[in-house]
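Listed below are the residues making up each chain.
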Amino acid sequence: MRIGLLTSGGDAPGMNACIRAVVRGGLYYGMEIFGIRQGYEGLINGDFVQMGTASVADIIHRGGTILQTARSAAFMTDEGIKRGYEQLQKHKIDALVVIGGDGTLTGGERLHSLTGMRVFGLPGTIDNDLAYTDFTIGFDTSVNTVLSAIGNIRDTSSSHGRTTIVEVMGRQCGDIALHAGLAGGAETILIPEKSYDLDDIVKKLQAGRDRGKRHSIIIKAEGVDISSEKLAETLTERMEGAEVKVVILGYIQRGGSPTARDRILASRTGVRCVELIKEGVSNAAVGIKGDTVVDYPLAVALAMEKDSHLEYQRICDILL
Ligand code: F6P
C-alpha cells in the first residue's frame, strides 16, 4: 500500500505534527509513504519524495510545513486534476492524504469524484471554518498567539488611554476573534457571522470611559464588512477626545510552535486517517467532535453547516 501526502493552502501550526503522524502511522501499518512538495502544485509537477521515520524526526514542535505549501489555481480545473491524477498513477499511489482547509479538502473531493482516487482530508487551518470538526489543527495555537498579542497591546493601550482595534484572521469565520476575545477580556468582538451596530459600540466604549476606564480593546475578525481603518476613523469622529489605533496581526497568527492541543489533535487524526485507509474506506474527512475522532465522506463533511460557536457568542454578550 502506497500513500501520497501533501499540505496545501495557508500553512497552520501542527501541520508538521500531522505529517509525522501520517508517516509514522503509515509505516507502523506496513505502508510506503510519499511526500508531495508544495501542495497540489507539486502533485501536478510530480514533486514526490519517499519518507521514512527519520524524515519526520524533530518536527513535532515546529510551525509551518516541511512539505511546503501553495495555493494552486491549476488544480481548480478538471485539466489540472487530471494531470495530478496521472502523477499519482505514475508513482503507483493507492491513496492520497491532504492536510489543509476548505479549499484543500474541496480539491481532494473533486479529485476523488472525477477519478475515483481514494482521498483523505485532515483539517489543517488556523481559521476553524470546517463544519464537520469542532476544531482544526492550528486554530488553538493561533488563538494563543492572538491572546499573547492582546496582553501586550493592553499594556500600552492602558498606559496611553487608547482604544485599540486588533484585526485577526479567519476569512468568513469569526472563531479566532471570538475565542481570543473571550479569553483576553476584550470589550467588543466583531465577527462576520453577526451583524453589529456602530451606535451600540460607541455607547459601550463611552460608558467605559465615563466609568474612568483608560483603555478598550476591540477584536475584529478580518471578514467583518468594515475595514479596521474605517472603523477607527468612525470611532474617532464619534467619541470626543478618543485616540483609536489599529493593529493588524497578520501572518504572526500562522507561525510558531504548535500548542499541546494542536499536536494531540494532529497526532490523533493523522493516525486515524491511516487506519481508515487500512480498513479500505474510499474517502473521508477526519476531525474531532467532543473528544471523539470522527470521519465522514468528504462530500458529506463539506456540505455541513457550521454552528459558529453560538455558545461563545452568548457568553461574550453577557461578559463584555
Ligand atoms: O486560511 C488561512 C488564512 O490565514 C486566512 O485566515 C487568511 O485570510 C488567508 O489565509 C491569507 O492567505 P494568504 O496566505 O494567501 O495571504
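Residues numbered from 1 in each chain as written. Predicted model: local features only at pLDDT ≥ 70, side-chain atom pairs only at ≥ 80, totals over all residues. Heavy atoms only, no water.

J.: Explain the pattern of salt bridges here, please?
T.: For side chains bearing opposite charge, pairing can occur when the charged atoms are close. One pass over the full model with this rule turns up 18 salt bridges. Aspartate 78 is the salt-bridge partner of arginine 110, the closest N and O atoms lying 2.3 Å from each other. Residue arginine 110 is located in helix 4 (residues 102-115), and its partner aspartate 78 is located in helix 3 (residues 78-90); the two are separated by 32 residues in the primary sequence. A salt bridge links lysine 230 to glutamate 233, with the shortest nitrogen-to-oxygen separation between them at 3.6 Å. Of this pair, lysine 230 and glutamate 233 are both found in helix 8 (residues 228-238), three residues apart, which corresponds to roughly one turn of the helix. With relative accessibility at 42%, the residue lysine 230 sits in the partly exposed group. (Salt bridge = Lys/Arg side-chain N within 4 Å of Asp/Glu carboxyl O. Helix = DSSP H or I, 4+ residues; strand = E, 2+ residues; numbered from the N terminus. Buried < 20%, exposed > 50% of the residue type's maximum accessible area, 1.4 Å probe, protein only.)

J.: Just to check I follow, could you spell out the pairing of strand 4 (residues 95-100) for this structure?
T.: Where a strand is regular, its side chains alternate between the two sheet faces. Of all the six residues making up strand 4, six are buried; the element is thus mostly covered by neighbouring parts of the structure. Both faces of strand 4 are covered, namely the face carrying Ala95, Val97 and Ile99 and the face carrying Leu96, Val98 and Gly100. Sheet topology places strand 4 next to strand 5 (residues 118-123); six bridges connect them, and they run parallel. Considered in strand 5, the bridge of glycine 100 is made with proline 123. As a crossover connection, the stretch from strand 4 through helix 4 into strand 5 is right-handed. (Pairing = 2+ DSSP bridges. Right-handed = clockwise from strand over helix to strand, strands pointing away.)

J.: Looking at this structure, I do not really get the site of the ligand. What am I missing?
T.: Around the ligand sit Arg71, Ile126, Asp127, Met169, Gly170, Arg171, Glu222, Tyr251 and Arg254, and that is every residue in its neighbourhood. Measuring from an oxygen atom of the ligand, one finds a side-chain N or O atom of glutamate 222 at 2.5 Å. The side chain of arginine 254 places a nitrogen or oxygen atom 2.9 Å from an oxygen atom of the ligand. Tallied by class, the residues present in the shell around the ligand amount to three nonpolar, one polar and five charged. For the shell around the ligand, the domains that each give at least three residues are domain 1 (2-138 + 258-303) and domain 2 (139-254). (Near = heavy atom within 4 Å. Polar contact = N/O pair within 3.5 Å; in protein donor to acceptor, adjacent residues only side chain to side chain. Nonpolar A, V, L, I, M, F, W, Y, C, P; charged D, E, K, R; others polar. Domains from an automatic or database assignment.)

J.: Explanation requested: the nonpolar core in the structure shown.
T.: Across soluble globular proteins, nonpolar side chains show a tendency to be buried alongside one another. Core analysis: the biggest nonpolar cluster contains 66 residues, and Leu5, Val97 and Leu235 have the highest contact counts within it. Residues from two domains meet in this core; each of domain 1 (2-138 + 258-303) and domain 2 (139-254) gives at least three. With residues up to four places along the chain from it excluded, the contact list for leucine 5 reads Ile19, Val22, Val23, Ile33, Phe34, Gly35, Ile36, Leu67, Leu96, Val97 and Ile99. Residues Phe34, Leu111, Leu130 and Ala301 belong to the second largest nonpolar core, which totals 22 residues. (Core = buried A, V, L, I, M, F, W, Y, C linked by side-chain atoms within 4.5 Å. Contact = heavy atoms within 4.5 Å.)

J.: Sorry if this is basic, but what is going on with the packing of aromatic side chains here?
T.: Centre-to-centre distance and the angle between the planes together describe a pair of aromatic rings. Evaluation of the coordinates by the stated rule reveals four aromatic pairs. Look at tyrosine 40 and phenylalanine 75: their rings are 3.9 Å apart centre to centre, the planes differ by 0°, and that puts the pair in the stacked class. One end of the pair, tyrosine 40, is in helix 2 (residues 39-45); the other, phenylalanine 75, is in the loop between strand 3 (48-51) and helix 3, with 35 residues separating them in the sequence. When sorted by exposure, tyrosine 40 lands in the same class as phenylalanine 75, which is buried. Ring geometry for tyrosine 132 against tyrosine 296: centres 6.3 Å apart, planes inclined by 80°, an arrangement best described as edge-to-face. Of this pair, tyrosine 132 sits in the loop between strand 5 and helix 5 (139-160) while tyrosine 296 sits in strand 11 (residues 292-296), placing them 164 residues apart in sequence. Over the face of the ring belonging to phenylalanine 135 we find arginine 261, whose NZ or CZ atom lies 5.2 Å from the ring centre. (Phe/Tyr/Trp six-rings, centres within 6.5 Å; stacked < 30°, edge-to-face > 60°. Lys NZ or Arg CZ within 6 Å of the ring centre and 35° of its normal.)

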